[in-house]
Structure formats: structure tokens, C-alpha cells
Amino acid sequence: MEADPPPPASALMEELVEEVLLRFPPADPSRLIAAALVCRRWRSLLAGPGFRRRFRELHRSPPLLGLLCNSPTGACLLPACAFRPPGDGLLRGWRALDARHGRVLLRWDPASSSSGGSCPPLVVWDPITDRRKDLPPLLWAQYPYSWNAAVLCSAGAAGCDHLDCCGGHFLVVVVGTNSKEMFAHVYSSESGAWSEATSARHHNDSVDFAPSALVGNALYFAFQMGATVLEYDLGTREMAVIRLPPRAFDWQRIALATTHDGCCLGFATADRSAIYLWKREASSQGGDAHWAQTRVIELAKLLPAGTLSAFSDVVGFVDSIGLIYVRTADGLFTVDLKSSQVTKVSKDTGFSGIFPYMSFHTPALGVPSAGERPSAGA
């Protein structure tokens, strides 16, 4: 019996090209664009949905494309790689509330527009496509003392791998406090409406405008006093309050994060000389979870001399890629947990919120005509 003839050399070469292109670093999308300029065949390959899916499945963890920072004039997206958002990256009059699963949640700054008895207008924005979805107003039953919100894929943490879901349905969860209780509302893009409020007993604290964390099927929001965290269960829609370690009372603020394995809630905080990392671990005896300190980072050994003379404050923590954002009197720095490398991101210290924007960006490329020649200098 004769063996099947080998595939033509052109087919083998195309397969090898795809394997090479799949291994381009996701944090540098400009390399894929440059490859698409080589010839029609490469461009057609890169434009196909099969390549985009394989690219995401191979790299799994989305890269950091930029940093959303709230400044006095509005939110701005500072690029962290070759990715550039549409326009100048400045969203005048808007404030960032959250960034997750390729989406950004924005609110109109109340200082720029009074919204009466409704929640300030909320928008879900995709920085890659520049598409925006305006949410209908949320009417408060009682005007809140404090509130915050988060955006996430409608499948939550367990029903989707979030490799290519940024164009699908999403949820927006708003939590807050008033004089009587804590409460939560959920907006679904599938139904296009807000849910009725669920509530729990108030415990005399205000929700902080700080990044939330998604662990399993629960969202976590920090309270302003730094002693507790609000837990919202997406499945049961119940709320609970989790106490932080006693030492946290002495720290300025905390930055919540999902641990790199996605299984536990963590947080980072700092004093004038060090960063402290904590993790909430399940009890081996089957009881309540407990907090364990996992690492202490001495800032004096990493930051430039004189930087710690006034203060140091943790304003962001992305454990999945091992980055902590520290604001000092000298500017905003990142600390790489793996290499201990420190990078100055900005000399500005006036940011009121830091939200890392992470997403895959495989450029949407049209397929050229059959007669198109390779681009000069590609």
C-alpha cells in the first residue's frame, strides 16, 4: 500500500509561518501589523479568526496594554507597549471605574454634570475598537453616601476563558451604602436593564473608589477605612463583609487583586518603607478562610534615593503579571515582583485611580486584493 504523498512545499511553509507568527509576543501588536505588510498570504492568515483564537490560547494571559489613570481633567490611557488607543487617549470629563475582560467602565464626572437622583451616566468602552455602550440611568431608591462599580463578562469567572469575549455580553455591578444599608444593582447587556436592589445590614463604612477584584464567582470592593472588604456573590447576589488583618488598620490604603492562580483574594499595602502582600487562604481544617502575609518588599532598596521622603502608597496590584503600582512624592512607579525591577511610569502624582488595561490585541486586518504586491520596506 502506497503512502500518501507529502503535502506541497508551499503548504508546509505556510504552516511554519503560522507557527512562527503565533509566537510573537502579545505585548507588542506592532509586530503582527508589520508581518501583515509582507504579502497577501500572511495578511490573510493574520486576519482569520482561527489565527486569533490560536494566538490567545497559546499565550493564555492577556498582556498589559495600558494604564487608565484618573486625572483632574479626566481619565487617560497611558500606553504600556506599542498599542495606541484611538485619539490621544484622554477621555475628558470621564472617570475610570474598572477595567476587566477587555472592557473599561467609565462614569461621567459629577463635577462636570449633575445627574440629580440617578447614578452618573455609565459607559462601557472597548479601547481597541473604540466602541462604547451607554448604560440606562440607575435610579437610586435612596441616594448613596458612597458607591463603586465593576464590569465583567456575563459568563463570570467560571463560564468563559475570557480569551476572546470582549465583544460579547457583559455585566456591570454597582455596590454602595446609604444611611440604612449596603446595596447592589446588576446591569445585564443581554436584557438591557438593571436588576432590583439586593441589600444587607450597613456596617458604618463607605465604599472606596478603588479597583475591585474578581475571584471565582465573587466581586470584592474595598471600604475607605481599610479594615474591611465588601464581598458580592454573583450567583446568589448576597453581600458579606470580610475583615482584613489587624495590621491593615495602620496602613494608608489597600489595593485588592486576584492571585496569579485566580483562586484567592489578595491585597497589597504599604507604609513609608515597605510593601506588604497578603493572601486569603482556605483553612485546611474546613473552617473560615484566614489571611496570610506572603511577602514584604523593602522599598528603600528599590526606589531612587529620596523618593520615600514624603510618602508611599500602593495604588494598583496585578498579581497575574506580577506588577505593583506605587505612588510616591517623586511620581508613579511599577515594581516587578519577579525581577524586583522598578520603572517610573509617570512623574505625575495627582492620579486618583489606577486601572491596568489588559487585553489581547490581534489587529483587525482586511484581506487585500489578489493582485496586491508586498509592501515596500516591509
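Throughout this description, residue numbers start from 1 for each chain and increase along the sequence as written. Where local features are concerned, this predicted model is filtered to residues with pLDDT of at least 70; where side-chain atom pairs are given and counted, the filter is 80 or more; whole-chain, interface and lining totals use all residues. Computation of side-chain values: all heavy atoms of the structure, hydrogens and water removed.

Points about the overall build of the protein
Think of it this way: any DSSP run of H or I at least four residues long counts as a helix, any run of E at least two long counts as a strand, and we number them from the N terminus. Counting secondary structure elements, the protein contains four helices and 25 strands. Burial classes follow relative accessibility: with a 1.4 Å probe on protein chains only, a residue under 20% of its type's maximum area counts as buried, one over 50% as exposed, and anything between as partly exposed. Across the 378 residues in the protein, those meeting the buried criterion constitute 48%. At a minimum sequence separation of 6, the contacts of the protein that also span at least 24 residues come to 50%. Working definition of accessibility: Shrake-Rupley area with a 1.4 Å probe, residue cover restricted to the visible protein chains. Here the protein has roughly 18100 Å² of accessible surface; of this, 51% comes from carbon and sulfur atoms. Every residue pair with non-hydrogen atoms within 4.5 Å of one another is taken to be in contact.

Some thoughts on the packing of aromatic side chains
The relation between two aromatic rings is expressed through the spacing of the ring centres and the mutual angle of the planes. Working definition: rings of Phe, Tyr and Trp (its six-membered ring) pair if their centres are within 6.5 Å, and the pair is stacked with planes under 30 degrees apart, edge-to-face with planes over 60 apart, and tilted otherwise. A complete count under the given rule lists eight aromatic pairs for this structure. Plain terms: the ring middles of W94 and W108 are 5.1 Å apart, the flat faces sit at 75° to each other, and that makes the pair edge-to-face. You can see W94 sitting in strand β4 (residues 94-100) and its partner W108 sitting in strand β5 (residues 103-108), a full 14 residues away along the chain. Members of the aromatic cluster, joined through ring pairs, are F51, F55 and F360. The side chain of R107 reaches across the aromatic face of F209, ending 4.7 Å from its centre. Criterion for a charge above a ring: Lys NZ or Arg CZ within 6 Å of the ring centre, and within 35 degrees of the ring normal.

A look at the nonpolar core
For our purposes a nonpolar core is just a set of buried Ala, Val, Leu, Ile, Met, Phe, Trp, Tyr and Cys residues, chained together by side-chain atoms within 4.5 Å. One finds V173, L219, L230 and Y232 to be the most contacted residues of the largest nonpolar core, which totals 17 residues. Elements represented by at least two residues in this core include exactly β8 (146-153), β9 (170-177), β10 (181-188), β14 (218-222) and β15 (228-233). In this view, L219 contacts R100, A150, L152, V173, S212, A213, L214, L230, E231, Y232 and L234; residues no more than four positions away in its chain are not counted.

A word on the pattern of salt bridges
Here a salt bridge means any side-chain nitrogen of Lys or Arg lying within 4 Å of a carboxyl oxygen belonging to Asp or Glu. For the structure on display, the rule yields eight salt bridges. Close ionic contact of R54 with E18 constitutes a salt bridge, the shortest N to O distance being 3.2 Å. You can see R54 sitting in helix α4 (residues 49-59) and its partner E18 sitting in helix α1 (residues 9-22), a full 36 residues away along the chain. Residue R54 is classed as partly exposed on the basis of its relative accessible area of 36%. Owing to a relative accessible area of 16%, E18 belongs among the buried residues under this scheme. In this structure, R100 engages D98 in a salt bridge whose closest nitrogen and oxygen atoms are separated by 2.6 Å. What makes R100 buried here is its relative accessible area of 12%. Exposure remark for D98: the relative accessible area of 2% places this residue in the buried category. One salt-bridge network, held together by shared partners, links E18, E19, R23 and R54.

Concerning the UniProt feature "domain: F-box" (unreviewed entry) in the protein
UniProt positions are given in the numbering used here, feature names are shortened, and annotations may be inferred rather than shown by experiment. Listed under "domain: F-box" (unreviewed entry) in the UniProt record, and renumbered for this structure, are residues 14-52. Strand forms 0% of residues 14-52 and helix 72%; the C-alpha atoms that close the span are 16 Å apart.

A closer look at the side chain of H101
Mapping H101 onto the fold places it in the loop between β4 and β5. Polar contacts involving the side chain of H101 include one to the main-chain amide nitrogen of C153, which spans 2.9 Å. Counting of polar contacts relies on pairs of N or O atoms within 3.5 Å, with two restrictions inside protein: one atom must be capable of donating a hydrogen and the other of accepting it, and residues adjacent in sequence are counted only when both atoms are side-chain atoms.

As for the pairing of β8
For β8, the tally of buried residues reaches eight of eight residues, placing the bulk of the element in the interior. At least two bridges found by DSSP between two strands is the condition for calling them paired. Across eight bridges, β8 lies against β9 in antiparallel orientation. Paired with L152 across the bridge in β9 is L171.

Side note on the pairing of strand β1 (residues 64-71)
Across the eight residues of β1, eight count as buried, placing the element largely inside the fold. Pairing analysis gives five bridges linking β1 to strand β25 (residues 354-358), with the strands arranged antiparallel. Across the sheet, residue L67 finds its bridge partner in β25, namely P356.

Comments concerning the side chain of R100
Within the element layout of this structure, R100 appears in strand β4. Polar contacts involving the side chain of R100 include one to the main-chain carbonyl oxygen of V151, which spans 3.0 Å. When neighbours within four sequence positions are excluded, R100 is seen to be in contact with A150, V151, L152, S212, A213, L214 and L219.

Section: the sheet that holds strand β19 (residues 274-281)
Spatially, four strands are ordered β17-β18-β19-β20 in an open sheet, and the strand pairing comes out antiparallel. With partners counted over all chains shown, the strands left at the sheet margins are β17 (254-258) and β20 (290-298), one partner each. Shown here is a sheet whose adjacent strand axes are inclined to one another by a mean of 25°, direction ignored. Bridging between strand β18 (residues 265-270) and β19 involves five bridges; their strand directions are antiparallel. As a rule, the C-alpha atoms of each element are fitted with a line to give its axis, helices using only the stretch in contact, and angles between N-to-C directions run from 0 to 180 degrees.

Details of unusual backbone geometry
Peptide bonds are, in most cases, trans, and in most cases residues other than glycine have a negative phi. Of note, H101 is a non-glycine position whose phi angle comes to about 55°, a positive value. Look at D130: it is not a glycine, yet its phi comes out positive at around 65°. Along the chain, D130 falls in the loop between β6 (122-126) and β7 (131-134). On the accessibility criterion, D130 (38% relative accessible area) is partly exposed.

Section: the sheet that holds β25
The antiparallel open sheet is built from four strands, whose spatial order is β3-β2-β1-β25. Of all the strands in the sheet, the pair left with one neighbour each is β3 (90-92) and β25. Taking the axes of each pair of neighbouring strands and ignoring which way they run, one obtains an average angle of 20° across the sheet.

So, the packing of helix α3 (residues 40-47) against α4
Two numbers describe how α3 lies on α4: the axes approach to 5 Å, and their chain directions differ by 65°. Each of L45, L46 and A47 in α3 lies in contact with α4, whose residues at this interface are P49, F51 and R52. Residues are sorted three ways: Asp, Glu, Lys and Arg are charged, Ala, Val, Leu, Ile, Met, Phe, Trp, Tyr, Cys and Pro are nonpolar, and all the rest, Gly among them, are polar. Taken together, the residues of the contact of α3 with α4 sort by class into five nonpolar, no polar and one charged.

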